[in-house]
Amino acid sequence: FINADINEIIFTKSTTESINFLSYSYAKNKLKKNDEIIITEMEHHSNIIPWQILSKEKGIKLKFIPILENGNLDLEKFEKLINSNTKFISLTHMSNVLGIINPIKNIIKIAKNNDIEVLIDAAQSISHLKIDVKKIGCDYLAFSGHKILGPTGVGVLYINKNKHNKVSPLLFG
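Residues numbered from 1 in each chain as written. Predicted model: local features only at pLDDT ≥ 70, side-chain atom pairs only at ≥ 80, totals over all residues. Heavy atoms only, no water.

Engineer: Could you clarify how one ought to interpret the overall build of the protein chain in this entry?
Structural biologist: When helices and strands are tallied, the protein chain shows five helices and seven strands. The order of α-helices and β-strands along the protein chain, N terminus first, is β-α-β-α-β-α-β-α-β-α-β-β. Taking 173 residues into account, the globule formula puts the C-alpha radius of gyration at 16 Å, and the protein chain, at 15 Å, falls close to it. Projected onto its principal axes, the C-alpha positions of the protein chain cover 40 × 40 × 25 Å. Out of the 173 residues in the protein chain, the part that is buried amounts to 49%. Excluding contacts between residues fewer than 6 apart, the proportion of contacts in the protein chain whose partners are at least 24 apart in sequence is 70%. (Helix = DSSP H or I, 4+ residues; strand = E, 2+ residues; numbered from the N terminus. Rg over C-alpha atoms; globule rule 2.2 N^0.38 Å. Buried < 20%, exposed > 50% of the residue type's maximum accessible area, 1.4 Å probe, protein only. Contact = heavy atoms within 4.5 Å.)

Structure (structure tokens):
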């Protein structure tokens with residue numbers, strides 16, 4: 001459906017749980033004080049709170065890509081936010097408020113050029129756009145089943161097979 005291998009998919013309860021899973025199983029263990037995470041000013045609550053909590057717990061700086069008057073992300077300011085401490089970017093593919101489709105391919109390209117990992121929140125875009133994780137080049141992608149006429153309580157977290165060693169189990173037993 002998203003051109004992922006079966007071993008690149010983890011089923012969760014929702015997009016929110018997928019984002020939380022990644023923030024705790026990857027970022028909490030791999031990021032350290034003074035590292036930086038970039039999100040956007042247009043994020044859904046579920047893609048803000050996990051990063052806010054992580055930043056408070058670990059002393060990680062949380063930065064925001066601003067929105068221009070037309071609703072688009074300010075990509076010039078985005079590039080200026082990046083420095084050697086920037087380790088992770090998490091952003092929505094499509095805003096649930098504005099309906100804006102963010103230029104994730106461009107953002108991912110900039111991130112990759114700076115050795116920064118990227119999570120795409122595809123909760124809104126999954127039902128409107130054909131998503132191919134290999135073509136967009138993201139490290140992680142999250143969405144919920146109910147957004148594509150599936151049952152509630154089913155989420156998907158895509159983890160690129162080259163990133164498996166960076167993610168630890170969240171639940172045991």
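Having seen the structure, we can now continue with the description.
Engineer: When you look at the pattern of salt bridges in this model, what are you seeing that I'm missing?
Structural biologist: Side-chain pairs of opposite charge can arise whenever the charged atoms involved come near each other. All chains considered together, the criterion is met by nine salt bridges. The salt bridge involving Lys134 is made with Asp5; its shortest N-O contact spans 3.9 Å. Taken together, the residues span a long stretch of sequence, with Lys134 in helix α5 (residues 133-136) and Asp5 in the segment before β1 (9-12) at a distance of 129 residues. Given a relative accessible area of 30%, Asp5 falls into the partly exposed group. For Glu8, the salt bridge identified is with Lys134, shortest N-O distance 3.6 Å. Highlighted residues: Glu8 in the segment before β1 and Lys134 in helix α5, separated in sequence by 126 residues. Among the residues examined, Lys134 registers a relative accessible area of 43% and is labelled partly exposed. Several salt bridges converge on common partners, so that one network encompasses Asp5, Glu8, Lys134 and Lys161. (Salt bridge = Lys/Arg side-chain N within 4 Å of Asp/Glu carboxyl O.)

Engineer: Can you walk me through the sheet that holds strand β4 (residues 86-92) in this structure?
Structural biologist: Each strand in a sheet pairs with another by means of backbone hydrogen bonds, the pair being arranged parallel or else antiparallel. In spatial order, the strands read β1-β7-β6-β5-β4-β2-β3; together these seven strands make up an open sheet with mixed pairing. For this open sheet the edge positions go to β1 and β3 (61-65), each flanked by a neighbour on one side alone. When strand polarity is set aside, the average angle formed by the axes of neighbouring strands in this sheet is 20°. Relative to β4, strand β2 (residues 36-40) runs parallel, the two sharing three bridges. Counted as the bridge partner of Ile37 is Phe88 from β4. The sheet strands contacting helix α4 (residues 104-113) are β4 and β5 (117-121), and the helix crosses β5 at an angle near 160°. (Pairing = 2+ DSSP bridges. Axes fitted to C-alpha atoms, helices over the stretch in contact; angles between N-to-C directions.)

Engineer: What should I look at first to understand helix α1 (residues 15-30) in this one?
Structural biologist: With 16 residues, α1 should cover 22 Å at 1.5 Å per step; its first-to-last C-alpha distance of 21 Å lies within 8% of that length. The largest bend in α1 comes to about 30°, at Ser23. (Expected span 1.5 Å × (residues − 1). Bend = angle between axes of the 7 residues up to and from the residue.)

Engineer: Can you help me understand the packing of aromatic side chains in this one?
Structural biologist: Aromatic rings in a pair are described by how distant their centres are and how their planes are angled relative to each other. Summed over all chains, the structure comprises five aromatic pairs. A centroid spacing of 5.9 Å and a plane angle of 40° characterise the contact between Tyr26 and Tyr140, whose relative ring orientation is tilted. Taken together, the positions of Tyr26 in helix α1 and Tyr140 in strand β6 (residues 140-144) put the pair 114 residues apart, joining distant regions of the chain. By relative accessible area, which is 4% here, Tyr26 ends up buried. Assessed through its relative accessible area of 0%, Tyr140 is described here as buried. (Phe/Tyr/Trp six-rings, centres within 6.5 Å; stacked < 30°, edge-to-face > 60°.)

Engineer: When you look at unusual backbone geometry in this model, what are you seeing that I'm missing?
Structural biologist: Backbone geometry at Asn3 places phi at a positive 65°, although glycine is not the residue there. Mapped onto the fold, Asn3 is located in the segment before β1. What makes Asn3 partly exposed here is its relative accessible area of 39%. Positioned with a positive phi, Asp115 is a non-glycine residue whose angle comes to about 55°.

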